[in-house]
Amino acid sequence: DGDTIAVGRERIRIIGLDAPETFDARCPAEKRLGDKATVAMRQMVAQGVTIVRAGSKDRYRRTLARVYYRGRDVADIMVERGLAMPYDCPRGRCPRRIDWCARLGG
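Residues numbered from 1 in each chain as written. Predicted model: local features only at pLDDT ≥ 70, side-chain atom pairs only at ≥ 80, totals over all residues. Heavy atoms only, no water.

1. Some remarks on the pattern of salt bridges
It is possible for side chains of opposite charge to pair when their charged atoms get near one another. Which entries qualify depends on this criterion: Any carboxyl oxygen of Asp or Glu that lies within 4 Å of a side-chain nitrogen of Lys or Arg is treated as forming a salt bridge with it. Per-residue accessibility, obtained with a 1.4 Å probe over protein chains only, is compared with the maximum for each type, and a residue is labelled buried under 20%, exposed over 50%, and partly exposed between these values.
Under the defined criterion, the tally for this structure stands at seven salt bridges. Linking Arg13 and Asp18 is a salt bridge whose minimum nitrogen-to-oxygen distance equals 3.6 Å. The same class applies to Arg13 as to Asp18, namely buried. Across the salt bridge formed by Asp73 and Arg66, the nearest N and O atoms sit 3.1 Å from each other. By relative accessible area, which is 11% here, Asp73 ends up buried. A single salt-bridge network, built from bridges that share partners, covers Asp3, Arg13 and Asp18.

2. Quick word on the state of the cysteines
What counts, and what does not: Here, a disulfide means two cysteine sulfur atoms that sit within 2.5 Å of each other. The helix count covers DSSP runs of H or I at least four residues long, the strand count covers runs of E at least two residues long, and both are numbered beginning at the N terminus.
Counted according to the given criterion, the structure contains one disulfide. Here Cys27 is linked by a disulfide to Cys101, with a sulfur-sulfur distance of 2.2 Å. Handedness of the Cys27-Cys101 disulfide follows from its S-S torsion of about -110°: it is left-handed. Here Cys27 is found in the loop between strand E3 (16–18) and helix H1 (28–47), whereas its partner Cys101 is found in helix H3 (residues 100–104), with 74 residues between them in sequence. The exposure class assigned to Cys101 is buried, which follows from its relative accessible area of 12%.

3. Observations regarding the nonpolar core
The condition that has to hold: For the purposes of this section, nonpolar cores are sets of buried Ala, Val, Leu, Ile, Met, Phe, Trp, Tyr and Cys residues that join through side-chain atoms within 4.5 Å. Any pair of residues with heavy atoms lying within 4.5 Å of one another is described as a contacting pair.
Membership of the largest hydrophobic core comes to 22 residues, with the highest contact counts inside it found for Leu17, Met41, Met44, Val74 and Met78. The set of elements that each furnish at least two residues to this core consists of strand E2 (10–14), H1, strand E5 (63–69) and helix H2 (74–80). Per-element accounting of this core gives the leading share, five residues, to H1. With residues up to four places along the chain from it excluded, the contact list for Met41 reads Gly2, Ile5, Ile14, Val74 and Met78.

On their own, these measurements won't tell you what the molecule is for.
Right, here's the structure in full:
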């Protein structure tokens, strides 16, 4: 989805944002916004991003990293576009999942 990318076999959880789910969406509105977030992330990755690994992993064993596109933090870009919410996982421990359905009105 819009907050995880793959580099080869490595899965990277982007630090600083939470995007709506696409696979496990809880409502149609979340799925629609999640699809938009995925498209936006794929476009940025295809045009080239810089990945700065944090050195730790989350509970799903994804590498935590900051990702930059044209010198800007991807988390900031996605939040500004309304495709994600600010979200931090200190020491690999992420808070509860955002209830996108409540935010989007179902």
